[in-house]
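Examination of the molecular architecture
Single-letter residue listing:
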Amino acid sequence: MKCENCTKKECSKKQRGDENQTPSSNSTGKTEENAELSEFHKLVGERVYLSDCLACDRCVTEEESQRISQQNLQQLSQILSLNKKCDTSKHKVLAVSLCPQSLPFFAARFNLSIPEATKKLCGFLKTIGVHHVFDATLAADFSLLESQREFVQRHRRRNQDQHALPMFTSACPGWIRYAERVLGSLVTPHICTAKSPQQIMGTLVKDYFTKQQLSPDKLYHVVVAPCFDKKLEALREEFYNSLLDSQDVDCVLTSGEIIHMMEEQNISVESLDSVHLDYVFGESEETDIVRHEGRGAEGFLEHIFKYAAKELFGLEVKEIVYKTLKNRDFQEVILEKDGETLLQFAAVYGFRNIQNMIQKLKKGKFPYQLVEVLSCPGGCLNGKGQAQTDSGKPDRALLQQMEEVYTSLPVRLPETNPQLQQLYQDWLDGAESPRAQQALHTQYRPESQASSTPDYKW
């Protein structure tokens, strides 16, 4: 059985129904340099089912595969080792940004609240030689505000621009990869141009932060994220800064890889100091860990829905009621007034639901103006880099614990974040400026599949 849209004569994936087959000895990619299994491919499960197949090996070029294999703990260790040597001219300043969806994972694993677990994680990272540790919730605030503004603009020009609506969210790299490589022009003009929180954080750190602190070529930026697809996203050509000669994000490590590093070093949580996160303005102070409104740790649908209701129709929405359709990962919300449907949004998680959504789009039976699309069933908390058992199956108990600790955080609207408003002015010359458009937005276009790709097991 081959995944839909696969162009290979034989499928190397282990599918449902193939449970009793024995993987070949060559089933996992090896690095050219030392012929050992890369950390990346060790941690990715052997079995890739249809529901997982959003960034399969057919969508990865040989160059990308080589660069992905370098985004691992060994690469970080090399940077740390180099910094311990006497030649300061080759030293790198290490900055680590923590994705909001990763913080509940560490809280659950440490059996602590998210604020306390974050301090312990920061303490560990500082111990091994990291200089700055940031909370990437700030970048998520930027992405939310830019996305909701773009939706309102698209809605207002919907009668003049056939590609204005529906709008699909752009924060999930697995979904973006699938849209560009497989769905093409059917979908790409409809994808929100706001960068994902990861890549906005990359721009913020490499552009704004380095100008306050040091030369950009001296900084090595690591993002801790819940899924492996984020490694692919960091390699995108448009996220390479030619003036700085560097990617906005140099390396992505999954939450599970960080735990693996701690286990290799026999680090106990109790032995770690609690250290406050750093501040992008250069100061180091205690800042509150907050969350966004919405399902899981995403929030795009709810923020855009409430903002659009107020901006377009003058209606205040206090609470959003989800209606479950095919399953809990395909839900919709509707704004009505006097029996008229004003807005109809959907949250679509997981590949099977994405396929059903696309079939509706192809048939012209698509009632939604906005869809929050995520490749992982259950959302980003259920990312493959943190919420799976050793057998590769979802760890449902861990996921439930992550959801509980995340919802315990206080909610803060991005509009009320004073850091955000200061950065819009000091860094971007205002929210509507050309500089803000360049720093916070990108474009997604159809891509042709590579003619030659290595036979990696994902």
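Once a new chain begins, its residue numbering starts again from 1 and follows that chain's sequence as written. Where totals are concerned, whole chains, interfaces and linings use all residues; where local detail is concerned, this predicted model gives features only for residues with pLDDT of at least 70, and gives and counts side-chain atom pairs only at 80 or more. As a convention, hydrogens and water are excluded, and side-chain values are obtained from all of the structure's heavy atoms.

1. Regarding a positive patch on the surface
- Each patch is built from residues that are more than 30% exposed by relative accessible area and take part in no salt bridge. Like charges join if they lie within 9 Å; nonpolar side chains (Val, Leu, Ile, Met, Phe, Trp, Tyr) join within 5 Å. Throughout, the Shrake-Rupley method with a 1.4 Å probe supplies accessible areas, and for residues the shown protein chains are the sole cover considered. By convention in these notes, a salt bridge is any Lys or Arg side-chain nitrogen within 4 Å of a carboxyl oxygen on Asp or Glu. When charges are tallied, Lys and Arg are placed among the positive residues and Asp and Glu among the negative ones, while His and the ends of the chain are skipped. Where a charge lies is defined by one atom per residue type: Lys uses NZ, Arg uses CZ, Asp uses CG and Glu uses CD. On the surface, Lys326, Lys360, Lys363 and Lys365 cluster together into a positively charged patch.
- Each helix is a run of DSSP H or I of at least 4 residues and each strand a run of E of at least 2, with the numbering of both proceeding from the N terminus. In this fold, lysine 360 is placed in helix α12 (residues 351-362).
- In this structure lysine 360 comes out as partly exposed when scored by relative accessible area, which is 30%. Think of it in three bands: residues with accessible area under 20% of the maximum for their type are buried, residues over 50% are exposed, and the middle band is partly exposed, with areas taken using a 1.4 Å probe on protein chains only.

2. Observations regarding the packing of helix α4 (residues 103-110) against helix α5 (residues 114-128)
- Think of each axis as a best-fit line through the C-alpha atoms, taken over the contacting stretch in the case of a helix, with angles from 0 to 180 degrees between the N-to-C directions. Remark: α4 packs on α5, axes separated minimally by 8 Å, with the N-to-C direction vectors making an angle of 90°. Taken as axis vectors, α4 and α5 run roughly perpendicular relative to one another. Contact with α4, carried on its side by Leu103, Pro104, Phe106, Ala107 and Phe110, involves Ile114, Ala117, Thr118, Lys120 and Leu121 of α5 and no other residues of that element.
- Tallied by class, the residues present in the contact of α4 with α5 amount to eight nonpolar, one polar and one charged. Orientation labels follow simple angle bins: below 35 degrees gives roughly parallel, above 145 gives roughly antiparallel, 65 to 115 gives roughly perpendicular, and whatever is left gives oblique. Note on contacts: a residue pair is in contact if any heavy atoms of the two residues lie within 4.5 Å. Only Asp, Glu, Lys and Arg are considered charged in this grouping, and only Ala, Val, Leu, Ile, Met, Phe, Trp, Tyr, Cys and Pro are considered nonpolar; every other residue, Gly among them, is considered polar.

3. Details of the environment of leucine 186
- Here leucine 186 shows up in the loop between α7 (173-183) and α8 (197-213).
- Residue classification places leucine 186 among the partly exposed positions, given a relative accessible area of 31%.
- Taking the C-alpha atoms as reference points, leucine 186 and isoleucine 358, 172 residues apart in sequence, are found 9.2 Å from one another.
- In this view, leucine 186 contacts Ile358, Leu361 and Lys362; residues no more than four positions away in its chain are not counted.

4. Quick notes on the sheet that holds strand β9 (residues 330-337)
- Note: two strands are recorded as paired if DSSP finds a minimum of 2 bridges between them. As summarised here, the arrangement of the five strands in space is β3-β11-β10-β9-β8, forming an open sheet in which the pairing is mixed. Where the open sheet ends on each side, the last strands, each with one partner, are β3 (167-168) and β8 (323-327).
- Here strand β10 (residues 340-349) runs beside strand β11 (residues 370-374); their pairing, made up of five bridges, is parallel. For phenylalanine 345, the partnering residue across the bridge sits in β11 and is leucine 370.
- In this fold helix α11 (residues 300-313) packs onto β3, β9, β10 and β11, with an angle of close to 165° to the strand it touches most, β10.

Geometric descriptors of this kind do not, in isolation, establish any biological role.
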